[in-house]
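Here's the letter readout for the chains.
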Amino acid sequence: MENSSRKELLAAYYAATPEDQSKYRYQYSLVEIKKREEDISSLLARLPGDVLNFLEIAGELADKQEVKAYLIGGMVRDLFLGLENRDLDIVLAPGPEAPELNPDLERRKEAHPPGLGNRGQVSNPELEKRKEKGDILENYLRELADVFQAEYSYNSKFRTGNLLLPAGLNVDLAEARREFYQYSGALPEVEAAGIIEDLFRRDYTINSLALVLNRVEWGCLLDYFQGLEDLQEASLRVLHSFSFLDDPTRIVRGIRLAAKTAFSFARETSVLLQEALTGGDFSHLSLERILKEFEFLFASPVNSNLFSLLQQYPLFNLLNLEVGIREGLEEELEKLESYLAEFREKNYNREEWVLRLALFIGDAGEELKKWQVRTDYKEIFLAYESYQSLLPELAQPLAADELVEKLKPLQDEELLILLARSRNKEVEENILRYLRKLKNIGLEITGKDLLANGLEPGPVIGEILARVYRQRLKGKLSSRTEQLAYARSLVREVKGKKE
Ligand code: CTP
């Protein structure tokens with residue numbers, strides 16, 4: 001589509017009513033809407049015992065409440081990929097699937113008679129009444145929490161809930177919904193819908209598979225949008241052409257998924273991704289929301305897949321930062337990882353994602369300075385810019401106390417950034433000497449000890465402690481007794497001068 005007509009289309013799309021917006025999505029769908037069912041109960045049997053047990057009970061309780069319960073999203077995807085996942089997403093939908101499909105989808109269903117199978121809506125006045133009151137999910141959650149003796153939370157506005165089970169099993173629950181967006185990057189408005197609509201609003205086809213948990217259909221996998229084919233072809237495909245603009249966080253999610261699985265973006269999806277990144281308006285996307293996705297993206301070391309993806313797609317445009325991939329960055333990342341591994345061993349547990357991200361975005365100084373984020377994060381992002389001028393000084397041979405004086409004001413993370421970015425052996429040796437040794441040297445005596453030795457309160461106390469500390473930095477006065485003895489000699493010296 002030409003650029004100008006694409007722009008007009010996008011303007012019309014974001015100005016459309018929820019119903020028309022939904023129609024646009026089906027019209028510009030990139031998938032064929034065609035139902036495929038597979039019995040994957042044997043695959044389910046491979047799940048860890050606690051997960052399987054939970055899913056079976058979740059299905060039984062759904063039967064009891066006369067709703068359909070589906071396992072969806074990452075867990076289903078990872079089941080096929082043989083990857084471990086402890087995050088379960090469960091969607092509840094009223095009885096048989098998709099009772100309130102929109103008219104456009106209904107039309108498409110007619111065009112694919114064998115596909116969508118319309119079993120129609122079962123009228124259950126009691127269920128409808130409960131649905132109107134919106135307490136289906138809450139009842140369901142309460143019962144699940146009772147069985148598992150777990151805490152649950154419920155959000156009545158969004159009709160979502162969460163359960164935290166033993167051994168780190170996290171369960172997110174929601175009622176099936178359709179979404180619409182008032183502008184790119186807005187939080188979606190949601191309303192109740194059937195399972196197809198719920199699946200059609202999702203990010204990638206491989207995340208749009210649904211597994212029925214109810215007893216009679218236990219293990220029946222519903223694939224409406226060729227998610228299984230895409231899994232086989234190792235392909236990431238969005239469902240419709242507005243997907244990345246509706247929710248730009250999907251871009252980062254997709255890059256993360258591609259890096260983790262080595263899947264490739266399907267051709268049209270890749271074009272849409274580039275289009276969104278180069279032409280998208282992210283002014284309404286909150287920094288907090290998008291940074292959360294970057295936190296997940298950089299939670300583990302940057303592998304070569306991720307590095308190439310970041311070379312290919314200007315992902316940092318999402319943060320409104322213009323930063324390229326500079327020469328040598330891959331080596332800097334490797335260096336950072338080796339230092340992180342060393343400090344991790346010493347229980348140095350900091351938020352590593354901030355450091356990895358900082359190596360990518362650290363040169364975007366002016367823009368970064370405007371960010372409203374935690375001060376310590378901002379200092380890390382800006383570390384190279386702030387302390388670049390220190391590097392030539394650190395390339396000189398330095399006495400221990402000089403080095404400490406220069407590096408003491410910096411957070412350890414800032415030092416790690418300088419270490420990773422420095423290309424000078426002396427600089428690195430000096431920073432490492434500080435981090436590995438000097439920084440941990442303290443004093444075992446305090447001002448109180450000096451007072452106890454007859455010194456009057458005043459600035460002289462600090463001066464004496466500083467002199468003891470300097471000796472410590474030189475490797476002397478290793479015990480408290482020695483420090484005290486030296487301090488006493490200094491006290492005598494001071495007193496002698498006074499008399
Ligand atoms: N989802 C989406 N768009 C988003 C976030 C989530 O469509 N911006 C849908 C996807 O179907 C996703 C599911 O919600 O699979 C659950 O989201 P989440 O638990 O955040 O991700 P997973 O894909 O389950 O797992 P992971 O984060 O490990 O990839």
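Residues numbered from 1 in each chain as written. Predicted model: local features only at pLDDT ≥ 70, side-chain atom pairs only at ≥ 80, totals over all residues.

### Regarding unusual backbone geometry
Basically, it comes down to this: Helix and strand assignments come from DSSP, with helices taken as H or I runs of at least 4 residues and strands as E runs of at least 2, each series counted from the N terminus.
Even without glycine at this site, Q149 takes up a positive phi of about 50 degrees. Counting through the fold element by element, Q149 comes out in the loop between helix 9 (136-148) and strand 4 (151-155).

### Digging into the site of the ligand
Quick reminder of the rule: Only the C-beta atom matters for nearness: placed from the backbone, it must lie within 6 Å of the molecule or strand for the residue to count as near. As a working rule, the residues Ala, Val, Leu, Ile, Met, Phe, Trp, Tyr, Cys and Pro are called nonpolar, Asp, Glu, Lys and Arg charged, and the rest polar, with Gly in that last group.
Close to the ligand lie G73, G74, D87, D89, R202, D203, N207, D247, T249, R250, R253 and L257. Of all elements in the fold, only strand 3 (87-94) and helix 13 (249-261) reach the threshold of two or more residues within the shell around the ligand. Considering every element that reaches the shell around the ligand, the biggest residue donor is helix 13, with four residues. Tallied by class, the residues present in the shell around the ligand amount to one nonpolar, four polar and seven charged.

### Re the pairing of strand 4
We apply this condition: Each residue is classed by its C-beta neighbour count within 10 Å, where at least 20 other C-beta atoms makes it buried, 12 or fewer makes it exposed, and intermediate counts make it partly exposed; the C-beta atoms are placed from backbone geometry. Strand pairing is assigned whenever DSSP detects at least two bridges linking the two strands.
For strand 4, the tally of buried residues reaches only zero of five residues, placing the bulk of the element at the surface. Summarising the sheet, strand 4 and strand 5 (residues 160-165) pair through five bridges and their orientation is antiparallel. By the bridge assignment, N155 is partnered in strand 5 with T160. What sits between the antiparallel neighbours strand 4 and strand 5 is a turn of four residues, in which R159 has the positive phi angle 50 degrees.

### Concerning the confidence of the model for the protein chain
The cut-off we apply is this: You can read pLDDT as the predictor saying how much it trusts each residue, on a scale of 0 to 100. Throughout, a pair of residues is in contact if the C-beta atoms placed from their backbones lie within 7 Å.
When the pLDDT values of the protein chain are averaged, the result is 89; 91% of them are 70 or greater. Across residues 97-123 the pLDDT falls below 50, and counting only partners more than four positions away or on other chains, this stretch makes 39 contacts in the model.

### Topic: the packing of helix 23 (residues 400-407) against helix 25 (residues 425-436)
We count it as follows: Lines are fitted to the C-alpha atoms to define the axes, a helix being fitted only along its stretch in contact, and any angle between axes, read from their N-to-C directions, falls within 0 to 180 degrees. Angular relationships are summarised with four words: roughly parallel below 35 degrees, roughly antiparallel beyond 145, roughly perpendicular across 65 to 115, and oblique for the angles in between.
Two elements in contact, helix 23 and helix 25, have axes separated by 10 Å at closest approach and are oriented at 85 degrees. The angle between helix 23 and helix 25 falls in the class roughly perpendicular. In contact with L403, V404 and L407 of helix 23, helix 25 contributes N430, R433 and Y434. Across the contact of helix 23 with helix 25, the residue classes tally to four nonpolar, one polar and one charged.

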